[in-house]
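# Survey of secondary and tertiary structure
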Amino acid sequence: QGVPRDAAQAIHWFRGAAMGGDGKSQVILGLQYASGRFVKRDFELAYAWVALAAEAPNAPPYAAQIRNALAGHLTAAELAKSQERVRSWKAGQDLQ
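Quantities reported herein were computed from a predicted structural model and do not represent experimental measurements.

### So, the overall build of the chain
- Helix and strand counts for the chain stand at 5 helices and 0 strands.
- Sequence-ordered secondary structure for the chain, helices as α and strands as β, is α-α-α-α-α.
- Compactness check: the chain gives a C-alpha radius of gyration of 13 Å against a globular reference of 12 Å for 96 residues, within 12% of the reference.
- With respect to the three principal axes, the spread of C-alpha positions in the chain is 45 × 25 × 25 Å.
- Taking all contacts inside the chain whose residues are at least 6 apart in sequence as the whole, residues at least 24 apart take part in 56%.

Written as structure tokens, this is what we have:
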């Protein structure tokens, strides 16, 4: 409250929280990539963020359903690439 809305700044903060392992932020960031709202639409990256959230110990209960829905937007090759992004992130690399 009391500050102007700034979509780029919001994405920055959600990304930081998602990188820190916050499941809700990972889902929100994934949904942003799926919708193309405030970021370039990227279903592979959307799937990867939501898949991370679904696998986390503190996973939001709806994360697996969203992950499965996003998988329907990907070819087998794109899904494999997204899953590789998740493995890379777990190994300490960025999803980008």
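Here the narrative resumes.
### Section: the packing of helix H3 (residues 43-55) against helix H4 (residues 63-71)
- Close contact between H3 and H4 brings their axes to 8 Å; oriented N to C, the two are set at 155°. When the axes of H3 and H4 are compared, the pair comes out roughly antiparallel. Considering how the two elements wind past one another, H3 and H4 form a crossing that is left-handed. Along its contact with H3, which presents Phe43, Ala46, Tyr47, Val50, Ala51, Ala53 and Ala54, the element H4 presents Ala63, Ala64, Ile66, Arg67, Leu70 and Ala71.
- Classifying every residue of the contact of H3 with H4 gives 12 nonpolar, no polar and 1 charged.

### Observations regarding the nonpolar core
- Counting 22 residues, the largest nonpolar core has Leu29, Tyr33, Trp49 and Leu70 as the members making the most contacts within it.
- Counting residues per element, the ones that place at least two in this core are helix H1 (7-19), helix H2 (23-35), H3, H4 and helix H5 (76-90).
- Of all the elements, H3 adds the most residues to this core, at 9 residues.

### Some words on the pattern of salt bridges
- What the rule picks out here adds up to 3 salt bridges.
- For Lys81, the salt bridge goes to Glu44, with nearest N and O atoms at 3.7 Å. One end of the pair, Lys81, is in helix H5; the other, Glu44, is in helix H3, and 37 residues separate them in sequence.
- Since its relative accessible area comes to 49%, Lys81 is described here as partly exposed.
- Here Glu44 falls in the buried class, since its relative accessible area comes to 14%.
- A salt bridge links Arg87 to Glu84; its shortest N-O distance comes to 3.1 Å. With Arg87 and Glu84 both in helix H5, this residue pair falls 3 residues apart, about one helical turn.
- A relative accessible area of 48% means that Arg87 is categorised as partly exposed.

Rules of the game
Residues numbered from 1 in each chain as written. Predicted model: local features only at pLDDT ≥ 70, side-chain atom pairs only at ≥ 80, totals over all residues. Heavy atoms only, no water. Helix = DSSP H or I, 4+ residues; strand = E, 2+ residues; numbered from the N terminus. Rg over C-alpha atoms; globule rule 2.2 N^0.38 Å. Contact = heavy atoms within 4.5 Å. Axes fitted to C-alpha atoms, helices over the stretch in contact; angles between N-to-C directions. Parallel < 35°, antiparallel > 145°, perpendicular 65-115°, else oblique. Left-handed = near helix turned anticlockwise from the far one by under 90°. Nonpolar A, V, L, I, M, F, W, Y, C, P; charged D, E, K, R; others polar. Core = buried A, V, L, I, M, F, W, Y, C linked by side-chain atoms within 4.5 Å. Buried < 20%, exposed > 50% of the residue type's maximum accessible area, 1.4 Å probe, protein only. Salt bridge = Lys/Arg side-chain N within 4 Å of Asp/Glu carboxyl O.

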